[in-house]
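Breakdown of the fold
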Amino acid sequence: MKIAPSMLACDFTRMGEEVRRITRAGADWVHLDVMDGGFVPNISFGPAVIAALRKETDLPFDVHLMIQQPLFYIPHFAKAGADLITFHVESESPVRETLQAIHKAGCRAGLVLKPGTPAQAVKEYLPDCDLVLIMTVEPGFGGQAFMADMMPKVRAIKSWAPQMTVEVDGGINKETIRLCAESGADVAVAGTSVFRAPDAGKMMEELKAAAQL
Ligand code: DX5
Ligand code: ZN
């Protein structure tokens, strides 16, 4: 299991140090949660902050767009240094066109499902996706409780597209990561559990060990 710490849970007064800290601690990817106050009831940060962080680490940037109009902003996030851009199938942008725009910008493309959206909603787009992100909390805030009833969606995606990278996001800790691994998830986003741990490196090792089947 790869671990992608979510910068939403870091100390915002020292983001550069925080991204270097999780890099040294052995993170696989850096997860960056972008919220526009419209698609979700919260506002986080945008391309300028991501571009600034890009200078601090060589780890892949996994940019999770929780915004109403992802298509319009794709070139901005690609230029800021995103490696992977994921957007919600529930957003207002045309899905196929947005996946194409991400690829055209030189990034890997992924679709995200909110808890209330069935796996079937992304089935027709799987041939054009590099990754599917299954939300295991309602998007908008860190520190929420994991929804175990999302695991059948992980299994469904893996059954339709066994080679697909499936990522899970929300409420990941040493207990819940095991359920995700058993369901076939490949990447786990972890905000609170990694950034609030006394030792982020030890926590990531423990998360990976718990995910070992
Ligand atoms: C929620 C975000 C998550 C969140 C995860 O909208 O997409 O990435 O920061 O945080 P934890 O691990 O605290 O649930
Ligand atoms: Zn996220």
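Look up: the structure comes first, before these words.
Definitions and limits used
- Residues numbered from 1 in each chain as written.
- Chains lettered and ligands numbered in written order.
- Predicted model: local features only at pLDDT ≥ 70, side-chain atom pairs only at ≥ 80, totals over all residues.
- Heavy atoms only, no water.
- Helix = DSSP H or I, 4+ residues; strand = E, 2+ residues; numbered from the N terminus.
- Rg over C-alpha atoms; globule rule 2.2 N^0.38 Å.
- Buried < 20%, exposed > 50% of the residue type's maximum accessible area, 1.4 Å probe, protein only.
- Contact = heavy atoms within 4.5 Å.
- Areas by Shrake-Rupley, 256 points an atom, 1.4 Å probe, with all protein chains shown as cover.
- Lys, Arg positive; Asp, Glu negative; His and termini not counted.
- Charge placed at Lys NZ, Arg CZ, Asp CG, Glu CD.
- Core = buried A, V, L, I, M, F, W, Y, C linked by side-chain atoms within 4.5 Å.
- Donors = N, O, S within 2.8 Å, 3.2 Å for Na, K, Ca; no water.
- Tetrahedral: all angles 85-135°; square planar, octahedral: opposite > 155°, others 65-115°.
- Near = heavy atom within 4 Å.
- Polar contact = N/O pair within 3.5 Å; in protein donor to acceptor, adjacent residues only side chain to side chain.
- Salt bridge = Lys/Arg side-chain N within 4 Å of Asp/Glu carboxyl O.
- Pairing = 2+ DSSP bridges.
- Right-handed = clockwise from strand over helix to strand, strands pointing away.

Looking only at helices and strands, the chain has nine helices and eight strands in total. Here the C-alpha radius of gyration of the chain, 16 Å, is about what a compact globule of 213 residues would show, namely 17 Å. Principal axes of the C-alpha set define a box for the chain whose edges measure 40 × 40 × 30 Å. Classification of the 213 residues of the chain by burial places 53% in the buried group. Across the chain, contacts joining residues at least 24 apart in sequence account for 65% of those joining residues at least 6 apart. By element, 52% of the accessible surface of the chain is carried by carbon and sulfur atoms, the whole surface being about 9,200 Å². The chain carries 21 positive and 26 negative side-chain charges, and their two centres are separated by 3 Å.

Here the focus is the nonpolar core. With 67 residues, the main nonpolar core has Met7, Leu32, Ile50, Leu65, Leu111, Ile157 and Val194 as its most contacted residues. With six residues, the top contributor of residues to this core is helix α9 (residues 200–211). Setting aside its immediate chain neighbours within four residues, isoleucine 50 contacts Leu32, Val34, Phe45, Phe61, Val63, Phe77 and Ala80. Core analysis: the second largest hydrophobic core is formed by ten residues, Trp29, Leu131, Met135 and Val137 among them.

On to the coordination of the zinc ion (ligand 2). Looking at the zinc ion (ligand 2), one finds its protein donor set to be His31 (NE2), Asp33 (OD), His64 (ND1) and Asp169 (OD), positioned 2.0 to 2.3 Å from the metal centre. Note that the zinc ion (ligand 2) binds six donor atoms; their angles at the metal cover 69 to 170 degrees, and the shape is octahedral. Each donor residue of the zinc ion (ligand 2) belongs to the same chain, and together they define the spacing H-x1-D-x30-H-x104-D. Of this pair, histidine 31 sits in strand β2 (residues 30–35) while aspartate 169 sits in strand β7 (residues 165–169), placing them 138 residues apart in sequence. The two residues histidine 31 and aspartate 169 agree in class, both being buried.

The environment of ligand 1 is formed by 20 residues, the closest being Asp33, Gly140, Asp169, Gly191 and Thr192. Between an oxygen atom of ligand 1 and a main-chain N or O atom of glycine 140, the distance comes to 2.7 Å. Contact distances for ligand 1 include 2.4 Å between an oxygen atom and a side-chain N or O atom of threonine 192. Taken by itself ligand 1 offers 380 Å² of open surface, and the protein chains cover 99% of this. At the level of secondary structure, the elements contributing two or more residues to the shell around ligand 1 comprise β2, β3 (61–66) and β8 (187–190). Ranked by residues supplied to the shell around ligand 1, first place goes to β2 with three residues.

Right, let's get into the side chain of histidine 88. Among the secondary structure elements, histidine 88 is positioned in strand β4 (residues 84–88). Looking at histidine 88, its side chain comes within polar contact range of the side chain of histidine 64, at 3.0 Å. Of the polar contacts made by the side chain of histidine 88, one reaches the side chain of glutamate 90; its length is 2.9 Å. Excluding residues that lie within four positions of it along the chain, histidine 88 makes contacts with Phe39, His64, Leu65, Met66, Leu111, Val112, Leu113, Lys114, Met135 and Pro139.

The next subject is the pattern of salt bridges. In the structure shown here, the tally under the stated rule is 13 salt bridges. For arginine 14, the salt bridge identified is with glutamate 18, shortest N-O distance 3.6 Å. Classification of arginine 14 by relative accessible area gives partly exposed; the value is 32%. When its relative accessible area of 3% is taken as the criterion, glutamate 18 is described as buried. With a closest N to O distance of 3.0 Å, aspartate 83 and arginine 54 form a salt bridge. Placement of aspartate 83 in the loop between α3 (70–80) and β4 and of arginine 54 in helix α2 (residues 47–54) is noted, with a sequence separation of 29 residues between them. In this structure aspartate 83 comes out as partly exposed when scored by relative accessible area, which is 34%. The network of salt bridges with shared partners includes Asp11, Arg14, Glu17, Glu18 and Arg21.

Bringing the pairing of β8 into the picture now. The alternating pattern of β8 places Val187 and Val189 on one face and Ala188 and Ala190 on the opposite face, and all of these are buried. Strand direction decides the pairing type here: strand β1 (residues 2–5) and β8, joined by four bridges, are parallel. Bridging from a neighbouring strand, isoleucine 3 pairs with alanine 188 of β8. Where β7 lies against β8, three bridges are found, and the strand directions are parallel. Paired with aspartate 169 across the two strands is valine 189, which belongs to β8. Crossover handedness for the path β7 to helix α7 (residues 176–183) to β8: right-handed.

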